[in-house]
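The lines below spell out each chain.
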Amino acid sequence: MSNNNVDLGNDSVGKLLLKLATPAIIAQIVNVLYNIVDRIFIGRMANGDLAMAGVGVAFPIIMIISAFAALIGMGGAPLVAIKMGEKDNDGAEKILSNSFSTLIIIAIILTGVFLIFSEPILWAFGASESTIGFAKDYLNIYLIGTLFVQIALGMNPFINTQGFAKTGMITVLIGAVINIVLDPIFIFGFGLGVKGAAIATITAQFVSAAWVVIFLFGKKSVLKIRKKYILPSLKVVMPIMALGISPFIMQATESLVLISLNNKLQMYGGDLAVGAMTIMSSIMQIVMLPLMGLTQGAQPIISYNFGAKQLERVKSTFKLLLKSCMIYTVFMWCGLMFFPQVFVGIFNNKPELVEITSWSIKIFFGGIFLFGAQIACQQTFLALGQAKVSLILALLRKIVLLIPLIFILPMFIENKLQGVLLAEPIADITAALTTITCFFIFYKKTLGNVPENLEAN
């Protein structure tokens with residue numbers, strides 16, 4: 001495939017990864033700002049610590065909404081790339097168009113459900129009398145923009161997978177710049193507080209969604225959303241969801257993890273500990289999103305060449321991806337272990353909050369150095385269409401290991417708060433070693449056979 005000066009089947013793998021991953025990484029770094037800029041400004045409000053905790057309680061619902069976008073976007077994009085590798089652009093457009101209409105349906109359902117049940121859900125997720133007001137104010141406005149979130153996040157992978165990484169970067173950049181500009185205006189200028197942060201966010205998501213839709217209906221896109229394929233077909237949608245279930249579970253279970261952590265931290269450390277967790281979840285995004293940029297850059301190369309049966313190029317891309325991810329996570333681990341206060345200071349300078357968060361970071365992020373290998377292996381399984389393997393690995397870290405450990409460890413450790421935090425590094429290291437072992441056991445088998453069941457129609 002050759003477009004936008006990118007030939008996925010013939011260009012140097014190293015140059016391709018650099019060319020596709022660099023805009024994706026920039027987009028993800030900008031996306032970090034997109035997602036945490038609200039919390040940076042909110043943390044500097046009067047009662048910023050309580051407002052931070054309130055937004056932190058609402059954040060699991062926001063993650064669930066993003067998870068549904070990943071279900072379709074990350075499930076459909078590899079199938080589109082494989083179809084393009086097979087020279088079946090018509091089949092690829094059928095997947096693209098079905099994905100678009102399915103995201104609209106999902107957005108309508110999510111908006112209705114969460115608007116109706118938001119308050120009881122927030123109480124269940126760890127809200128307190130001091131934070132429930134902030135949580136409701138932020139969430140109820142954010143939910144109005146669910147459709148924009150679904151389209152912006154869910155359809156952008158279909159731009160990247162065609163090789164238009166710069167266009168995909170602009171999708172995120174537009175939204176982030178608008179959000180950053182509007183946040184202080186609405187929060188402080190108009191005195192709207194957390195409501196202003198939510199209004200800024202959904203405005204930014206609206207513009208990003210409009211950009212994506214205009215591109216995918218326009219002339220520059222190799223693949224276009226076609227009216228004749230817009231009606232969802234189970235024959236097309238089910239394989240998309242089957243492949244997308246792994247990234248969906250990765251994000252949705254992150255929400256379950258945050259709910260479990262918030263509840264236990266509220267029990268053992270109160271609103272201050274929940275505020276610390278809000279900061280640490282933001283730092284986790286700083287760590288994770290550049291990794292996702294790397295894997296997004298590698299995904300079209302791996303998927304396209306797998307579909308074209310150029311397996312040596314698939315192997316070369318994976319090796320380069322693994323090395324890049326590992327270097328990054330080891331670097332981030334060093335920064336978090338030795339300079340935690342630098343990361344905390346981005347969000348809040350209240351001495352008590354800085355102290356508890358800096359101490360917590362050294363425990364919570366203790367296993368992050370191995371995360372690069374886990375993400376590289378897991379996302380390569382996904383790019384190869386190996387949905388079942390990727391799903392099992394996604395479940396392992398959070399459902400099998402992390403969530404049970406959050407509840408079990410405090411029973412055996414005198415410092416209950418430390419027990420809750422220790423669950424993360426133990427789960428990270430165990431899951432990473434298991435994922436790496438599984439990948440290399442099945443490495444030859446996975447790349448030696450082209451599955452016949454990847455057809456989306």
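Residues numbered from 1 in each chain as written. Predicted model: local features only at pLDDT ≥ 70, side-chain atom pairs only at ≥ 80, totals over all residues. Heavy atoms only, no water.

1. As for the overall build of the protein
Then step 1. Looking only at helices and strands, one finds 15 helices and 2 strands in the protein.
Then step 2. Its C-alpha atoms give the protein a radius of gyration of 21 Å, within 12% of the compact-globule value 23 Å for 457 residues.
Then step 3. In terms of its C-alpha atoms, the protein occupies a principal-axis envelope of roughly 60 × 45 × 35 Å.
Then step 4. For the protein, buried positions account for 61% of its 457 residues.
Then step 5. Across the protein, the fraction of contacts at a sequence separation of at least 24, relative to all contacts at a separation of at least 6, is 83%.
Then step 6. Looking at the protein as shown, the accessible area adds up to about 17,300 Å², and 69% of this sits on carbon and sulfur atoms.
Then step 7. Of the charged side chains in the protein, 31 are positive and 22 negative, and the gap between their average positions amounts to 10 Å. (Helix = DSSP H or I, 4+ residues; strand = E, 2+ residues; numbered from the N terminus. Rg over C-alpha atoms; globule rule 2.2 N^0.38 Å. Buried < 20%, exposed > 50% of the residue type's maximum accessible area, 1.4 Å probe, protein only. Contact = heavy atoms within 4.5 Å. Areas by Shrake-Rupley, 256 points an atom, 1.4 Å probe, with all protein chains shown as cover. Lys, Arg positive; Asp, Glu negative; His and termini not counted. Charge placed at Lys NZ, Arg CZ, Asp CG, Glu CD.)

2. Some words on the packing of helix H2 (residues 48–85) against helix H4 (residues 132–142)
Then step 1. Relative orientation of the contacting elements H2 and H4 amounts to 35 degrees, with a least axis distance of 7 Å. Once H2 is placed against H4, the crossing between them reads as right-handed. Residue-level contacts link Leu50, Ala51, Gly54, Val55, Ala58, Ile61, Ile62 and Ile65 of H2 to Phe134, Ala135, Tyr138, Leu139 and Tyr142 of H4.
Then step 2. Here the contact of H2 with H4 is built from residues that sort into 12 nonpolar, 1 polar and no charged. (Axes fitted to C-alpha atoms, helices over the stretch in contact; angles between N-to-C directions. Left-handed = near helix turned anticlockwise from the far one by under 90°. Nonpolar A, V, L, I, M, F, W, Y, C, P; charged D, E, K, R; others polar.)

3. Some thoughts on the nonpolar core
Then step 1. Counting 141 residues, the largest nonpolar core has Ile61, Met155 and Phe365 as the members making the most contacts within it.
Then step 2. Excluding residues within four positions of it along the chain, methionine 155 makes contact with Leu96, Ser99, Phe100, Leu103, Gln150, Val212, Leu216 and Ile225. (Core = buried A, V, L, I, M, F, W, Y, C linked by side-chain atoms within 4.5 Å.)

4. Remarks on the packing of aromatic side chains
Then step 1. Evaluated as defined, the whole model comprises 13 aromatic pairs.
Then step 2. Ring centres 4.8 Å apart and planes at 65 degrees place the aromatic pair phenylalanine 68 and phenylalanine 248 in the edge-to-face group. With phenylalanine 68 in helix H2 and phenylalanine 248 in helix H8 (residues 234–307), the pair connects residues that are 180 residues apart, well separated along the chain.
Then step 3. Look at phenylalanine 148 and phenylalanine 206: their rings are 5.1 Å apart centre to centre, the planes differ by 70 degrees, and that puts the pair in the edge-to-face class. Taken as a pair, phenylalanine 148 in helix H5 (residues 146–160) and phenylalanine 206 in helix H7 (residues 194–217) lie far apart in primary sequence, 58 residues in all.
Then step 4. Overall, the relative accessible area of 44% leaves phenylalanine 206 in the partly exposed class. (Phe/Tyr/Trp six-rings, centres within 6.5 Å; stacked < 30°, edge-to-face > 60°.)

5. Re the state of the cysteines
Then step 1. Evaluated as defined, the whole model comprises 0 disulfides.
Then step 2. Cysteine 377 provides the cysteine sulfur closest to cysteine 325, a residue in no disulfide bond, and the two sulfurs are 9.2 Å apart.
Then step 3. Between cysteine 438, a free cysteine, and cysteine 377, which holds the nearest cysteine sulfur, the sulfur-to-sulfur gap is 9.5 Å. (Disulfide = S-S within 2.5 Å.)

6. Re the pattern of salt bridges
Then step 1. If you walk through the whole model with that rule in mind, you get 7 salt bridges.
Then step 2. Taking the shortest distance from any N to any O, the salt bridge between lysine 315 and glutamate 312 comes out at 3.6 Å. In this pair, lysine 315 and glutamate 312 both sit in helix H9 (residues 311–338), 3 residues apart, roughly one turn of the helix.
Then step 3. A residue is classified by how much of its surface remains accessible, and lysine 315, at 24% relative accessible area, is partly exposed.
Then step 4. Bridged by salt links that share partners, the residues Arg397, Glu424 and Asp428 form one connected network. (Salt bridge = Lys/Arg side-chain N within 4 Å of Asp/Glu carboxyl O.)

7. Some thoughts on the side chain of asparagine 160
Then step 1. As for its position among the elements, asparagine 160 is in helix H5.
Then step 2. Judged by its relative accessible area of 10%, asparagine 160 falls in the buried class.
Then step 3. For asparagine 160, the residues in contact, after removing those within four places along its chain, are Ala165, Gly168, Gln296 and Pro300.

8. Overview of unusual backbone geometry
Then step 1. Even without a glycine there, the phi angle at lysine 87 is positive, about 65 degrees.
Then step 2. For lysine 87, the location among the structural elements is in the loop between H2 and helix H3 (89–124).
Then step 3. Residue lysine 309 is not a glycine yet carries a positive backbone phi of 60 degrees.
Then step 4. Relative to the elements of secondary structure, lysine 309 occurs in the loop between H8 and H9.

9. Examining the confidence of the model for the protein
Then step 1. Chain-level pLDDT for the protein is 87 on average; 94% of the residues reach the 70-or-more range.
Then step 2. No element of the protein has a lower mean pLDDT than strand E1 (residues 2–3), which averages 48, and none a higher one than H3, which averages 95. (pLDDT = per-residue confidence, 0-100.)

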